[in-house]
Amino acid sequence: TVLPFFQQQIDSNGWSVFAQAEIDITPQFELSIGGRYSDEKKHYSGKITQANNTVVDGVALRAGDPLRIRDPRIAEDNFSPEVTLSYKPNSDVLIYGAYKKGFKSGSFGMSQTAARFWSVRTNNSNSFLSERVEGFEGGIKSEWLNRTLRLNVVAFNYDYRNLQLSAWDPVALS
């Protein structure tokens, strides 16, 4: 039996703006404040392109039938701030600490295997949530021996929510 084929598409429209200000507190201390505002909209559509007389859940698939998704639209906006305090005790050493937030919008899964079920079952959702990250970073950037040796050290801790990863499952395709 030849599995059915599906055509899936995500139309995406987005924009963002970033601003940053650097403030010299003293000749040795600098405060950097910035942020990014993002606005994104996505729309999923899909249809069966080749059915090959396949039956899923007792329903015969027909070429041209749409994939039935509960909510084929995503609209998200986000503001991600960042703040960095830098201390420069001399021209060869920079010590800094930073707080940052980040964002990657959600989207839709494009699994051919799952599309078989989206073709006949209503009220499905193939969307996933936006990824968000928040964390702290601190470090030292330095140059030594007449700037022939560079030594940089950084430590960070970031907390991810809804981490987006891609995976390929060869078993699902067999």
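Note: the structure precedes this text.
Just so you know, these numbers come straight off a predicted model, no measurement behind them.

Student: How should the side chain of Ser-32 be read in this particular structure?
Tutor: Of note, Ser-32 is situated in strand S2 (residues 29-50). Beyond its immediate chain neighbours, meaning those up to four positions away, Ser-32 contacts Gln-20, Ala-21, Glu-22, Glu-82, Val-83 and Thr-84.

Student: What's the story with the environment of Ile-23 in this structure? I'm lost.
Tutor: Structurally, Ile-23 is set in strand S1 (residues 5-24). In this structure, the C-alpha to C-alpha distance between Ile-23 and Leu-85, residues 62 residues apart in sequence, is 9.7 Å. Filtering out sequence-adjacent residues up to four positions away, Ile-23 remains in contact with Phe-29, Glu-30, Leu-31 and Ile-33.

Student: Could you clarify how one ought to interpret the pattern of salt bridges in this entry?
Tutor: Between side chains of opposite charge, pairing is possible as soon as their charged atoms come close. Going through the model one piece at a time under the given rule, you end up with seven salt bridges. Ionic contacts of the salt-bridge type, sharing partners, join the residues Asp-92, Glu-143, Arg-147 and Arg-150 into one network.

Conventions used here
Residues numbered from 1 in each chain as written. Predicted model: local features only at pLDDT ≥ 70, side-chain atom pairs only at ≥ 80, totals over all residues. Heavy atoms only, no water. Helix = DSSP H or I, 4+ residues; strand = E, 2+ residues; numbered from the N terminus. Contact = heavy atoms within 4.5 Å. Salt bridge = Lys/Arg side-chain N within 4 Å of Asp/Glu carboxyl O.

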